[in-house]
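Inside the fold
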Amino acid sequence: MLGHNRRRMTGAECMADMLAGYGVTHVFMVPAVLRRTFAEMERRTRIARIHTHGEKSAAYMADGYARACGRPGVCMAQVIGALNLAAGLRDAYLAHSPVIAMTGGRDPATKFRKVYQEIDDVPAFEPVTKFNATVDDVARFPDMVRQAFRVAVSGTPGPVHLQFRGNEGQVDADEAEMEPLVEEQFARVPPFRPAPDDAHVRAALDALQAAERPVIVAGGGVRASGAGAELVALAEALAIPVATSLNGKDSIAGTHPLSVGVVGSYSRESANRVVKEADLVCFIGTETGGMTTHFWAVPKIGTAAIQIDINPEALGRNYPLKAAVLGDAKIVLTRMHEAADAGTAKTRKTWVEQAQSICKEWHQKYRSLLTSDAVPMRPERICGELTKNLPGDAIVVVDTGHAGMWMGGMYDLTSPRQSYMRSAGHLGWAFPAGLGAKCGAPERPVVVFTGDAGFWYHIGEVETAVRWRMNTVTVVNNNASGNQSKRGFDRVYGGKQTEQALELWTYTKVNFARIAEDMGAIGIRVETPAELAPALERALAADRPVVIDVVTDIDALAPLAVS
Ligand SMILES: Cc1ncc(C[n+]2csc(CCOP(=O)(O)OP(=O)(O)O)c2C)c(N)n1
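Residues numbered from 1 in each chain as written. Predicted model: local features only at pLDDT ≥ 70, side-chain atom pairs only at ≥ 80, totals over all residues. Heavy atoms only, no water.

Some details on the overall build of the chain
- The number of helices and strands found in the chain is 21 helices and 20 strands.
- Rg of the C-alpha trace for the chain: 24 Å, near the compact-globule value of 24 Å for 563 residues, within the 12% margin.
- Across its three principal axes, the chain shows a C-alpha extent of roughly 70 × 60 × 45 Å.
- Counting only residues that meet the buried cut, the chain has 59% of its 563 residues in that class.
- Sequence-distant contacts, at least 24 apart, represent 76% of the contacts inside the chain between residues at least 6 apart.
- Charge separation in the chain, taken as the distance between the mean sites of 60 positive and 63 negative side-chain charges, equals 2 Å. (Helix = DSSP H or I, 4+ residues; strand = E, 2+ residues; numbered from the N terminus. Rg over C-alpha atoms; globule rule 2.2 N^0.38 Å. Buried < 20%, exposed > 50% of the residue type's maximum accessible area, 1.4 Å probe, protein only. Contact = heavy atoms within 4.5 Å. Lys, Arg positive; Asp, Glu negative; His and termini not counted. Charge placed at Lys NZ, Arg CZ, Asp CG, Glu CD.)

What follows is the structure in structure tokens.
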């Protein structure tokens, strides 16, 4: 019973016990914040305290951790680092990842006296959190930490921020009568699986079964709910092709006969073509945002649609609906499958064949690039090799920009046990997020794909990876530039860039393998396509972090979305 086990303890003891009670295994931070709490963690728990090279990468690590294991990732910073941490929450917020950020804050005894390093940080957390609160009295530790976990994992998950009194959160040294009670239900996503209204399930099924050319668009909500198997079962029973958002890419294996690929902007042409041809789109666990719909061109607003989501505010936001179903994806899909009339599947035979022939055309169009022997290498060949060579339980972590385009469009998951996590827009996210993912799922191989511009951001974390034996494999698409920007600068220079224009998007040629070796990791330089598969094999077997530096063609540009 609440209050039954109250005893006099410090905030630090209470926090350490609560984090351990919630199953937190790693905390990512730059000191000095909650110093006493860190000492208590050592005395009372087995929590690893990962000291990083920047607050932003600490936030990304917590985010990668959360996305890999479904439990909140915890990151921390003292007052001067708070906004660096807030910046790193943007991707977690956009991707609906449950991250709990804790910072030091102002002390009522001295605020407004121009205290060294101090500003009011709280407003900066407002746009990137679901809950943004201050803890001034140590007696509030138990209920505020519980609320942080509760909000982070509930409904559509997302980041929360707690600011503790004192620039380093020194309130943790105070004592009070407290009970470090945890609610295990809120230790992971999803805490609840709300069941749908039967009538709404019926309406959605009626629409789906009456459609001649339906397609499912599965989003990150399917992955948060762990509903991939239920999604595939329904699609198979009713013979419905499945496209995914980038965030939902691992809800169906790319090699499944009903998979048409990632739809939207960072997408595969076949997915956009199939969704455009559809007479009914069934959105599941997707916000129907600009990225997934190529700014609402695929499908066009007005296309018949049904939508399933755990958040009622998402239902119908961008597409007027024939049916809306509120509930957890796994439960809704199970109910739909139970009530489905598989006899209607035969009416969609021609449509499924049409979708499959669109996919076949895509494979024919890109086969030569996916298997290209060109030197410098084509990024498509990297994607092709990753499809062929990654283990069945790999977690693939992908940066944004060109990396998101290449891997979203050209890479296929080959097993339902593989996971795919993508940057929701922040360049530089993938490498630290991959390290966090490894902490969250230490038994699984983690393979990061990033461009060189993305890798530069947090290259110092190679040292962190070595220090903590976070044995990830990082594949760097190294074209000594951010060449996704090439088209944009071609455009503003009227088609032909000046020599100086290259200053805007190119870098010095660097050997990342050598830099990684210097920091104690294994570095492998790949200059020709045949070297990549053996490099991956060696890297996956290594007992140290590995950076595979792949030298690629600066003129290789990913295909643009079709609409
Ligand atoms: C924080 C942040 N700043 C800027 C951008 C804009 N941006 C997107 S892709 C890109 C360049 C990507 O370069 P790289 O990772 O090397 O991949 P490449 O395009 O060379 O394949 C930039 C600057 C972004 N997405 N995020």
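Past the structure itself, the notes keep going.
Some points on the sheet that holds strand E13 (residues 305–309)
- Reading across the sheet, the six strands line up as E11-E10-E9-E12-E13-E14 and stay open at both edges, with parallel pairing between neighbours. Edge positions in the open sheet fall to strand E11 (259–262) and strand E14 (323–326), since each of these has one partner strand only. When the angles between neighbouring strand axes are averaged without regard to direction, this sheet yields 15°.
- Across four bridges, strand E12 (residues 280–284) lies against E13 in parallel orientation. The residue bridging valine 281 from the neighbouring strand is alanine 305, located in E13. (Pairing = 2+ DSSP bridges. Axes fitted to C-alpha atoms, helices over the stretch in contact; angles between N-to-C directions.)

Observations concerning the packing of aromatic side chains
- Taken as a whole, this structure holds eleven aromatic pairs when the rule is applied.
- Ring centres of phenylalanine 283 and tyrosine 319 lie 5.0 Å apart, and the angle between their planes is 35°; this geometry places the pair in the tilted category. Of this pair, phenylalanine 283 sits in strand E12 while tyrosine 319 sits in the loop between E13 and E14, and the two are 36 residues apart along the sequence. The residues phenylalanine 283 and tyrosine 319 share a single accessibility class, namely buried.
- Ring geometry for phenylalanine 431 versus phenylalanine 455: centroids 5.1 Å apart, planes at 75°, classification edge-to-face. Placement of phenylalanine 431 in helix H16 (residues 430–440) and of phenylalanine 455 in helix H17 (residues 452–457) is noted, with a sequence separation of 24 residues between them. (Phe/Tyr/Trp six-rings, centres within 6.5 Å; stacked < 30°, edge-to-face > 60°.)

As for the pairing of strand E8 (residues 175–178)
- Only one face of E8 is covered, namely the one carrying Ala176 and Met178; the face carrying Glu175 and Glu177 has none of its residues buried.
- Relative to E8, strand E1 (residues 7–10) runs antiparallel, the two sharing four bridges. What sits directly across from methionine 9, in E8, is alanine 176.

Topic: the nonpolar core
- With 38 residues, the main nonpolar core has Leu386, Met407, Tyr411, Phe449, Val475 and Ile548 as its most contacted residues.
- The leading source of residues in this core is helix H15 (residues 402–410), at five residues.
- When near neighbours in sequence (up to four residues on either side) are disregarded, leucine 386 contacts Met407, Tyr411, Val447, Phe449, Val475 and Leu536.
- In terms of nonpolar packing, the next biggest core, distinct from the first, is built from 36 residues, Val138, Val151, Phe164 and Ala176 among them. (Core = buried A, V, L, I, M, F, W, Y, C linked by side-chain atoms within 4.5 Å.)

Here we look at the pairing of strand E18 (residues 473–478)
- Extensive coverage of E18 is indicated by the burial of six of its six residues.
- The alternating pattern of E18 places Val473, Val475 and Asn477 and Thr474, Val476 and Asn478 on opposite faces, both of which are buried.
- Alignment of strand E17 (residues 446–451) against E18, held across five bridges, turns out to be parallel. Each bridged residue has a counterpart across the sheet, and for threonine 450 the counterpart in E18 is valine 476.
- Sheet topology note: the E18/strand E20 (residues 546–551) ladder contains six bridges and is parallel. Its bridge partner being in E20, threonine 474 is matched across the sheet by valine 547.

Concerning unusual backbone geometry
- Residue alanine 32 is bonded to the preceding proline 31 through a cis peptide linkage, with omega at 10°.
- Residue proline 376 is bonded to the preceding valine 375 through a cis peptide linkage, with omega at -5°.
- Turning to its location among the elements, proline 376 is positioned in the loop between helix H13 (349–370) and helix H14 (379–389).
- If you check the backbone angles, phenylalanine 295 has positive phi at about 55° while not being a glycine.
- Position of phenylalanine 295 relative to the elements: it lies in the loop between helix H11 (290–293) and E13.
- Under the relative-accessibility criterion, phenylalanine 295 is labelled exposed at 59%.
- Even without glycine at this site, arginine 469 takes up a positive phi of about 50°.

Considering the packing of helix H9 (residues 228–238) against helix H12 (residues 329–339)
- In contact at an axis separation of 9 Å, H9 and H12 are set at 25° when each is read in the N-to-C sense. The angle between H9 and H12 places the two elements in the roughly parallel class. Of the two elements, H9 crosses H12, and the hand of that crossing is left-handed. In this structure, H9 contributes Glu230, Leu231, Ala233, Leu234 and Ala237 to the contact, and H12 contributes Lys330, Leu333, Thr334, Met336 and His337.
- Looking at the contact of H9 with H12 residue by residue, the class counts come to six nonpolar, two polar and two charged. (Parallel < 35°, antiparallel > 145°, perpendicular 65-115°, else oblique. Left-handed = near helix turned anticlockwise from the far one by under 90°. Nonpolar A, V, L, I, M, F, W, Y, C, P; charged D, E, K, R; others polar.)

Some details on the pattern of salt bridges
- Applying the stated criterion across every chain yields a total of 31 salt bridges.
- Close ionic contact of arginine 140 with aspartate 143 constitutes a salt bridge, the shortest N to O distance being 2.9 Å.
- Lysine 330 is the salt-bridge partner of glutamate 230, the closest N and O atoms lying 3.5 Å from each other. Of the two residues, glutamate 230 sits in helix H9 while lysine 330 sits in helix H12, which places them 100 residues apart along the sequence. (Salt bridge = Lys/Arg side-chain N within 4 Å of Asp/Glu carboxyl O.)

Notes on the site of the ligand
- For the ligand, the set of nearby residues contains 16 residues, the closest of which are Asp452, Ala453, Ser481, Asn483 and Gln484.
- In the model, a nitrogen atom of the ligand is placed 3.0 Å from a nitrogen or oxygen of the leucine 427 main chain.
- In this structure, an oxygen atom belonging to the ligand sits 2.7 Å away from a main-chain N or O atom of serine 481.
- Contact with the protein chains covers 74% of the free accessible surface of the ligand, which is 600 Å².
- Class assignment for the residues of the shell around the ligand results in three nonpolar, twelve polar and one charged. (Near = heavy atom within 4 Å. Polar contact = N/O pair within 3.5 Å; in protein donor to acceptor, adjacent residues only side chain to side chain. Areas by Shrake-Rupley, 256 points an atom, 1.4 Å probe, with all protein chains shown as cover.)

By themselves, these are just geometric observations and shouldn't be taken as functional.
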